[in-house]
Amino acid sequence: MADKVVGHAAVKDNMGTDCKCHGVSGSCTTKTCWTTLPSFRKIGDSLKKRYKKSKLVVPYRGGRASTPKSLILKRSKRAHRKPRRSHLVYLEKSPNYCDHDPSTGSLGTVGRRCNRTSASTDGCDLMCCGRGYNTHQYTKTWQCNCKFHWCCYVNCNRCSERTEEYTCK
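Residues numbered from 1 in each chain as written. Predicted model: local features only at pLDDT ≥ 70, side-chain atom pairs only at ≥ 80, totals over all residues. Heavy atoms only, no water.

Caption draft 1: The arrangement of the sheet that holds strand β3 (residues 55-60) in detail. Overall, mixed pairing links the 3 strands, which are arranged β4-β3-β5 in an open sheet. With partners counted over all chains shown, the strands left at the sheet margins are β4 (70-73) and β5 (89-90), one partner each. Direction of pairing for β3 relative to β4: antiparallel, over a ladder of 4 bridges. Across the sheet, the residue bridging to V57 is L73, located in β4. (Pairing = 2+ DSSP bridges. Helix = DSSP H or I, 4+ residues; strand = E, 2+ residues; numbered from the N terminus.)

Set out below in C-alpha cells:
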C-alpha cells in the first residue's frame, strides 16, 4: 500500500461510534449516533504494530515475462504467496544507521552528542546503538557581574560552571 493509503486505512479501521440518548427525564426514546475519529495515539499505535509486522517482498516475474507481474513474500513456506492487503511491505531492508557506511550516506553515531537522561531519540541508550557513551567533564569560565565605575574602568567577577557532555562510543 502507498503510505497515504496506509494512513487513511489506519484511520478508517480505528473509527468509533458515539451515541447520545434523548428523552424526557433521561429516558432513551430517541438515540443519536455518529462516527468519531480515533485519537492520534490510537492511529500511531496501530501503524507501529503494522510496521513491526511488515513483510519483505520480491518481484515475481512469472513465466517468460521480463517485467514483474506481482510481489510475493520472500520468506514464504508456500511458493509464490502474495502479501495480504493489510500487510505493510518493503523491497529491501533499511541500512544500519549506527555504523559509518559511505554507500548509504550514513555517518554513523560514533562521536555524536547524546542526552544521558533522555529516553527519546536523543538519548544515549538509543542513539549509541548499545555501544555505550563517553563522559567528558569540562569547566566553562567567563566574566560576569560586571560593574561600570564612573570614569574609566569596569570591574568584573570571574564565573565558572562545571558541565558534562556525553558522546557515543
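The structure having been displayed, the exposition proceeds.
Caption draft 2: Inspection of the environment of K140 at higher detail. Assignment of secondary structure puts K140 in strand β7 (residues 133-149). Separated by 35 residues in the primary sequence, K140 and G105 place their C-alpha atoms 35 Å from one another. Aside from chain neighbours lying at most four places away, what touches K140 is C159, S160 and E161. (Contact = heavy atoms within 4.5 Å.)

Caption draft 3: Inspection of the nonpolar core at higher detail. Within the largest apolar cluster, 6 residues are counted, these being C114, C124, M127, C128, Y166 and C168. The residues touching C124, leaving out its near neighbours within four places in the chain, are C114, N115, R116, Y133 and Y166. (Core = buried A, V, L, I, M, F, W, Y, C linked by side-chain atoms within 4.5 Å. Buried < 20%, exposed > 50% of the residue type's maximum accessible area, 1.4 Å probe, protein only.)

Caption draft 4: Inspection of the pairing of strand β8 (residues 153-168) at higher detail. With 2 bridges joining them, strand β6 (residues 113-114) and β8 adopt antiparallel strand pairing. Residue C114 lies in a different strand from β8, and its bridge partner there is Y166. Relative to β8, β7 runs antiparallel, the two sharing 15 bridges. Note on β8: the bridge partner recorded for T141 is S160. If you look at the hairpin formed by β7 and β8, you'll find 3 residues sitting between the two strands, and C151 has a positive phi there, around 60°.

Caption draft 5: A look at the sheet that holds β8. What the 3 strands build is an open sheet, ordered β6-β8-β7; its pairing is antiparallel. Every interior strand has two partners, whereas the edge strands, β6 and β7, have only one.

Caption draft 6: Spatial organisation of the state of the cysteines. All chains considered together, the criterion is met by 8 disulfides. Shown here is the disulfide that connects C19 with C33, its sulfur atoms set 2.0 Å apart. On the S-S bond that ties C19 to C33, the torsion sits near 110°, and the link is right-handed. With C19 in strand β1 (residues 16-22) and C33 in strand β2 (residues 30-36), this residue pair connects regions lying 14 residues apart in the sequence. Taking relative accessible area as the criterion, C33 reaches 41% and is therefore assigned partly exposed. (Disulfide = S-S within 2.5 Å.)

Caption draft 7: Summary view of a positive patch on the surface. A surface patch of like charges, here positive, comprises K49, K53, K55 and R84. Position of R84 among the secondary structure elements: in the loop between β4 and β5. (Patch = residues over 30% accessible without salt bridge, like charges linked within 9 Å, V, L, I, M, F, W, Y side chains within 5 Å. Areas by Shrake-Rupley, 256 points an atom, 1.4 Å probe, with all protein chains shown as cover. Salt bridge = Lys/Arg side-chain N within 4 Å of Asp/Glu carboxyl O. Lys, Arg positive; Asp, Glu negative; His and termini not counted. Charge placed at Lys NZ, Arg CZ, Asp CG, Glu CD.)

Caption draft 8: Molecular detail of the pattern of salt bridges. Inspection of every chain in the model, using the stated rule, returns 2 salt bridges. In this structure, D99 and R131 form a salt bridge, with 4.0 Å as the shortest nitrogen-oxygen distance. Residue D99 is found in the loop between β5 and β6, and its partner R131 is found in the loop between α3 (124-127) and β7; the two are separated by 32 residues along the sequence. Note that R113 is salt-bridged to E165, the shortest N-O span being 3.0 Å. On the criterion of sequence distance, the pair formed by R113 in strand β6 and E165 in strand β8 is long-range, its members being 52 residues apart.

Keep in mind these numbers describe shape, not what the thing actually does.
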